[in-house]
Amino acid sequence: MKNKKKVLSAIQPTGDIHLGNYLGAVQNWVKLQENYDCTFGVVDYHAMTAPYKPSQLRQNTWKMVFQLLACGVKPEHLFIQSLIPEHTELNWILSCVTSYGETSRMTQFKDKMEQLKDKNKEALISMGLFSYPVLQAADILIYKADLVPVGKDQEQHLELTRNIAARFNYQFGKDFFPLPEPLFTEVPKVKSLADPTKKMSKSLGEKHYINMFGDLDRIRKQVRSAVTDTGEKTESMSPGVENLFTLLKVSGDSSTYESLMNDYKQGQLKYSELKNAVSEGLIELITPIKERYEAILSDKKQYKSIIKEASAQIRKGARQTLKEVKELTGLLSP
Ligand code: TRP
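Residues numbered from 1 in each chain as written. Predicted model: local features only at pLDDT ≥ 70, side-chain atom pairs only at ≥ 80, totals over all residues. Heavy atoms only, no water.

Quick question: what am I supposed to make of the packing of aromatic side chains here?
Two measures describe an aromatic ring pair: the distance that separates the ring centres and the angle between the ring planes. In this structure the tally under the stated criterion is twelve aromatic pairs. Geometrically, the ring pair formed by F79 and Y143 is tilted, given 5.6 Å between the ring centres and 45° between the ring planes. With a gap of 64 residues between them, F79 in strand 3 (residues 78-80) and Y143 in the loop between helix 8 (127-141) and strand 4 (147-149) connect regions that are remote in the sequence. Neither F79 nor Y143 differs from the other in exposure class; each is buried. For the pair F168 and F177, a centre-to-centre distance of 5.0 Å together with 55° between the ring planes defines the contact as tilted. Take F168 and F177: they sit in the same class, and that class is buried. Members of the aromatic cluster, each reached through a chain of ring pairs, are F168, F172, F176 and F177. Here the guanidinium or amino end of K144 rests over the ring plane of F176, the centre of that ring lying 4.0 Å away. The ring of F184 has K152 sitting right over it, with the charged end atom 4.8 Å from the ring centre. (Phe/Tyr/Trp six-rings, centres within 6.5 Å; stacked < 30°, edge-to-face > 60°. Helix = DSSP H or I, 4+ residues; strand = E, 2+ residues; numbered from the N terminus. Buried < 20%, exposed > 50% of the residue type's maximum accessible area, 1.4 Å probe, protein only. Lys NZ or Arg CZ within 6 Å of the ring centre and 35° of its normal.)

Can you walk me through the domain arrangement of the chain in this structure?
By a frequent convention, interface size equals the accessible area lost on bringing the separate parts together. Under the domain assignment, the chain is made up of domain 1 (6-187 + 300-329) and domain 2 (202-294). Centre-to-centre, using C-alpha coordinates, domain 1 lies 32 Å away from domain 2. It is H18, L19 and A70 in domain 1 that bury the most area against domain 2; as a group they hold 45% of the surface buried on that side. At the junction of domain 1 with domain 2, the criterion picks out six residue pairs in polar contact (both at pLDDT 80 or more). Mapped onto the side of domain 1 that touches domain 2, the elements with two or more residues apiece are helix 1 (19-32) and helix 3 (54-71). When residues in the side of domain 1 that touches domain 2 are grouped by element, the largest group, five residues, is from helix 3. (Domains from an automatic or database assignment. Buried area = accessible area lost by both parts, 1.4 Å probe. Polar contact = N/O pair within 3.5 Å; in protein donor to acceptor, adjacent residues only side chain to side chain.)

Here it is, written out as structure tokens:
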């Protein structure tokens, strides 16, 4: 355990995991567990930065936990952020070594600000949304993580985390926080089936993403009506067909992939055949995960207590870091 590098990542509880989340992040987490000392969080404090209903948030938090377990994340690696309030205390301390200027430059925040058309937007944007990258830094630094698997959209937040860590170290104690590095891994880039020029995401709307925990018939329908091409003959593969091949590669067996790809090259590919193969592949990929999910749901109480216990164990590490931080920064510990 000691010489394994420490990996930390987290996901917001936003409802069901979709295929893009699974192939782009969760599946990777499951693999990383073999070679790294992993800690993964369901970050409910982060989910408060957008309007939400309290009962729904709690429900979504447990749902995300159960779905991550169904996907193969080990319970002992998983924590719920609000069970470890030290994250928010470190957030405050770190926010005092973070400049307003660097936080204002976060493009995700600027984009969200742009999208709001309201005249009153300055009043509608919470401090939480503005400073959430500092809480993200706290999530990472409280476990002194070495590596953070992130997508491109989180790269800038990780850069901020490194700056915060370096400034803290400079002001309060050399080399206290390791500077966490991004861990980029090859992940398939899954596009929306309805608009294959865009990344699969929930924010595009219902028809754009495949729900891993939804109805299998719905998946069949979605694949059947996936956009392929506009009918024009082009030199290169259209984004829609390329996306279907990507999905086939990650879910189907390689001989089906090879043979359909061969058909494509010969100009003999039938889209209906490709779609059937994709449907079948996806259903084969998803079915065991869905079955595990059902089993977990029928034993909810036990899984809740397992995750509470895991969070309590993980909290010990967070407590220790916070204690040292308070010592270094001149605060008192209770
Ligand atoms: N900000 C990340 C997202 O929106 C989620 C997140 C919160 C995270 N804390 C983190 C990711 C720590 C990696 C490490 O996707």
